[in-house]
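Observations on chain architecture
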Amino acid sequence: MTWLAPDLVLDADGLRRDVAVRIEDGLIAEVGPAPADAMRLPRTALLPGFVNAHSHAFQRDLRGAVERIDPANPDDDFWTWREEMYAQAGAMDPARIHDVARRCYRQMRASGVTAVGEFHYVHHQPDGTPYERPNALAEAVCEAAEAEGLRIVMLLVAYERGGEGIPPTPGQRRFCDPTVEAYLARLEAMRVWAEDRPLVTVGAAPHSMRAVSPAWLTAISDYTRGHGMPLHIHADEQPREIRESLEWYGVRPIQVIDDAGALDARTIIVHGTHCDDAELDLLAARGAGVCVCPTTEANLGDGYAPVQRMFERGIPISLGSDSNTILDPIVEARELEAMARRTAGQRNVLVRPGDPGPAPYLLTCSWDAGASAIGLPLPRIAVGAPADLIALNLDDDEVLGVADEHLAAAIMLAGSSRLVTRTWVAGA
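Every value quoted in this text rests on a predicted model; they were computed, and no experiment measured them.

On to empty space enclosed by the protein. Under the definition given, this model contains 4 cavities of 30 Å³ or more. Empty space within the largest cavity amounts to approximately 320 Å³. If one sorts the elements of the lining of the largest cavity by residue count, helix α1 (residues 78–90) sits on top with 6 residues. Split by residue class, the lining of the largest cavity holds 10 nonpolar, 9 polar and 6 charged. Forming the boundary of the second largest cavity are 14 residues, of which T114, P377, P379, P386 and D388 lie nearest the centre.

In structure tokens form, the structure reads like this:
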């Protein structure tokens, strides 16, 4: 049992001073006046931890290596980057993927992230042959998160093919299962493996409409619906993907997903960078969310998501670090408002009725939308909530001198992860 007594607490219910938090058995057991033996946290703000809803941990080791021109491919874009990523994926084994994931998660936690949705698709040996333990690589990634005290939702990826009528390339073979039944057997085994691991839960992730057929989408969606699992899928990240969807199916990617019965309130579309208005209307009608990954989408030259149009339709927007080139959840959240301002040509765009500015909405994206996206409880400093908390330094020059009423805005629109001095996950 631990009492934490900061200068103030800040969560979705607002800012409160002279409030202490008692942690017991990984949960917040009491919020109230500080007892004499409380752990004092002077000049500190206590907040719920941030949720990173989309990560590919192994890609962390691409940073730097892909930031140069290849004379053989002077027109560098997402597709040339993908070949470098496939080479990195091909080098993974259980020990190596555990190592890179652990380093990635260590910095992620230090940046204020307390829960991550890991969109994991490196499954088998390089030639596609299963390991003796078919989920050996996914288990190694989860064990890396546990070792760093990070809550993880293992979004086990389904991968069938290279495209409609296209077999997997050599670089994709280790991602693929021979049948959807084989994938679902691995998903079930992963779910059972995680049952007695308090920091690990499991969801499903058909990689994209390019990588799985509509029949696979339907089967996976039916399974996840029956087990109450989140379902994540890449969509509308690239114009080429949209052209191929129109060529293969006569409709755009979001419509393909919907026609397969896989678009509902459990579904998270990752990226949505090139969604048109009809697709956004469909997402809103189905109650689906979008996970935007601003720093990766910028790094890959993907473009940027139509966040203002998503916001206007009430589509929940969560945030992800994706390739993990940058690990700073405050920067990711701030980019939502920056993209909206660039699009609208004005300031203070993502503002809900009754809010003083965009900061409350950005915190909602970082907390509620992120937690809902990966099937976790809403982050709160309230009795019964998980004790997944972060301490921010109020003496840091990024926020020093800011009045209480402007603190949330200063954190989200002028701050960074350097403000984070300590992180607790399940109270530890």
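Burial within strand β7 (residues 113–120) is extensive, with 8 of its 8 residues counted as buried. As paired strands, strand β6 (residues 50–55) and β7 are joined by 4 bridges and run parallel to one another. Paired with S55 across the strands is E118, a residue of β7. Handedness of the β7-helix α3 (residues 136–147)-strand β8 (residues 151–158) crossover: right-handed.

This part is about the pattern of salt bridges. The final tally for this structure, using the stated rule, is 37 salt bridges. With a shortest N-O distance of 2.8 Å, D404 and R17 are connected by a salt bridge. With D404 in the loop between β14 (389–393) and α13 (407–414) and R17 in strand β2 (residues 14–17), this pair connects stretches of sequence that are 387 residues apart. Its relative accessible area of 31% is what places D404 among the partly exposed residues. A salt bridge links R22 to E24, with the nearest nitrogen and oxygen atoms 2.5 Å apart. Salt bridges here are not isolated pairs; linked through shared partners, they connect D61, R63, D99 and R103.

Turning our attention to the packing of aromatic side chains. For the structure shown, the criterion picks out 9 aromatic pairs. Note on F58 and Y121: the rings are 5.8 Å apart at their centroids and 85 degrees apart in plane angle, and the pair reads as edge-to-face. Of this pair, F58 sits in the loop between β6 and α1 while Y121 sits in the loop between β7 and α3, and the two are 63 residues apart along the sequence. Exposure class is identical for F58 and Y121. Each is buried. When the ring of F78 is compared with that of W81, the centres are 5.9 Å apart and the planes differ by 35 degrees; the resulting orientation is tilted. Of this pair, F78 and W81 both sit in helix α1, 3 residues apart, which is roughly one turn of that helix. With relative accessibility at 10%, the residue W81 sits in the buried group. Taken together, the aromatic side chains of F58, Y86, Y121, Y159 and F175 make up a single cluster linked through ring pairs. Taking the ring centre of W79 as reference, the NZ or CZ of R240 above it sits at 3.8 Å.

Moving on, we get to the environment of G149. If you trace the backbone, G149 turns up in the loop between α3 and β8. On the accessibility criterion, G149 (15% relative accessible area) is buried. Separated by 43 residues in the primary sequence, G149 and R106 place their C-alpha atoms 8.5 Å from one another. The contact partners of G149, leaving out residues within four places of it in the chain, are R109, L199 and V425.

Turning our attention to the layout of surface pockets. As a volume, the largest pocket reaches approximately 390 Å³. For the largest pocket, the lining is made up of 23 residues, of which P356, A359, P360, L363 and A408 are closest to its centre. If you list the elements that add at least two residues to the lining of the largest pocket, you get β1 (2–11), β2, α12 (359–373) and α13. Quantified by volume, the second largest pocket comes out at close to 240 Å³. Taken together, 14 residues make up the lining of the second largest pocket; nearest its centre are V66, D76, D77, T80 and W81. Counting residues per element, the lining of the second largest pocket draws most heavily on α1, which supplies 5 residues. Among the residues forming the lining of the second largest pocket, the class breakdown is 4 nonpolar, 3 polar and 7 charged.

Rules of the game
Residues numbered from 1 in each chain as written. Predicted model: local features only at pLDDT ≥ 70, side-chain atom pairs only at ≥ 80, totals over all residues. Heavy atoms only, no water. 1 Å grid on protein atoms, 1.4 Å probe; cavity = no way out; pocket = protein on both sides within 12 Å on 5 of 7 lines; lining within 4 Å. Points joined across faces, edges and corners; volume = space filled by probe spheres on them. Helix = DSSP H or I, 4+ residues; strand = E, 2+ residues; numbered from the N terminus. Nonpolar A, V, L, I, M, F, W, Y, C, P; charged D, E, K, R; others polar. Buried < 20%, exposed > 50% of the residue type's maximum accessible area, 1.4 Å probe, protein only. Pairing = 2+ DSSP bridges. Right-handed = clockwise from strand over helix to strand, strands pointing away. Salt bridge = Lys/Arg side-chain N within 4 Å of Asp/Glu carboxyl O. Phe/Tyr/Trp six-rings, centres within 6.5 Å; stacked < 30°, edge-to-face > 60°. Lys NZ or Arg CZ within 6 Å of the ring centre and 35° of its normal. Contact = heavy atoms within 4.5 Å.

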